[in-house]
Amino acid sequence: QVQLVESGGGLVQPGGSLRLSCAASVSIFSMNFMGWYRQAPGKQRVLVATIISGDSTNYADSVKGRFTISRDSAKNTVDLRMNDLKPEDTAVYYCYAHSGDSGDSGSWGQGTQVTVSS
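Residues numbered from 1 in each chain as written. Predicted model: local features only at pLDDT ≥ 70, side-chain atom pairs only at ≥ 80, totals over all residues. Heavy atoms only, no water.

Caption draft 1: Region of interest: the sheet that holds strand β1 (residues 4-7). As summarised here, the arrangement of the 4 strands in space is β1-β3-β8-β7, forming an open sheet in which the pairing is antiparallel. Edge positions in the open sheet fall to β1 and β7 (67-72), since each of these has one partner strand only. When strand polarity is set aside, the average angle formed by the axes of neighbouring strands in this sheet is 15 degrees. Pairing of β7 with strand β8 (residues 77-82) involves 6 bridges; the strand directions are antiparallel. For Ile69, the partnering residue across the bridge sits in β8 and is Leu80. (Pairing = 2+ DSSP bridges. Helix = DSSP H or I, 4+ residues; strand = E, 2+ residues; numbered from the N terminus. Axes fitted to C-alpha atoms, helices over the stretch in contact; angles between N-to-C directions.)

Structure follows, in structure tokens:
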């Protein structure tokens, strides 16, 4: 089981920026799929951004142009840079990783809270 630890959440004003990091217990390059999801109070967990082997990225429509997912090989992290934050971005953000192997059910981090409020 891959261990994932998120960091970087916090309270930020609308229009502000935050960078979330997801540290993995194994090489992030051994993971075929890594992504960030978020869950707002009373809502389902939804996909925010993904990065797939070969550095193919994908974003939810609601964050396109504002969020950027990337891999940091030196730190062995998958980061989510969030700009122009809005109150509707408030949620717990979770990191997810999957090796691509058929027997792998994937791994989740414990989540980090992001609150956008004035």
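Anyway, onward from the coordinates.
Caption draft 2: Summary view of the nonpolar core. Counting residues in hydrophobic clusters, the biggest one holds 29 residues, and the most contacted among them are Met34, Trp36, Leu80, Met82 and Tyr93. Every residue in contact with Met34, bar those within four places of it in the chain, is listed here: Leu4, Cys22, Ile28, Ala49, Thr50, Ile51, Ile69, Val78, Cys95, Tyr96 and Ala97. (Core = buried A, V, L, I, M, F, W, Y, C linked by side-chain atoms within 4.5 Å. Buried < 20%, exposed > 50% of the residue type's maximum accessible area, 1.4 Å probe, protein only. Contact = heavy atoms within 4.5 Å.)

Caption draft 3: Inspection of the pairing of strand β3 (residues 18-24) at higher detail. Among the 7 residues of β3, 5 are classified as buried, and the element is accordingly described as predominantly covered. Two elements, β1 and β3, share 4 bridges in a ladder whose sense is antiparallel. Looking across to β3, one finds that Glu6 is bridged to Cys22. By the bridge criterion, 6 bridges tie β3 to β8 in an arrangement that is antiparallel. What sits directly across from Leu18, in β8, is Met82.

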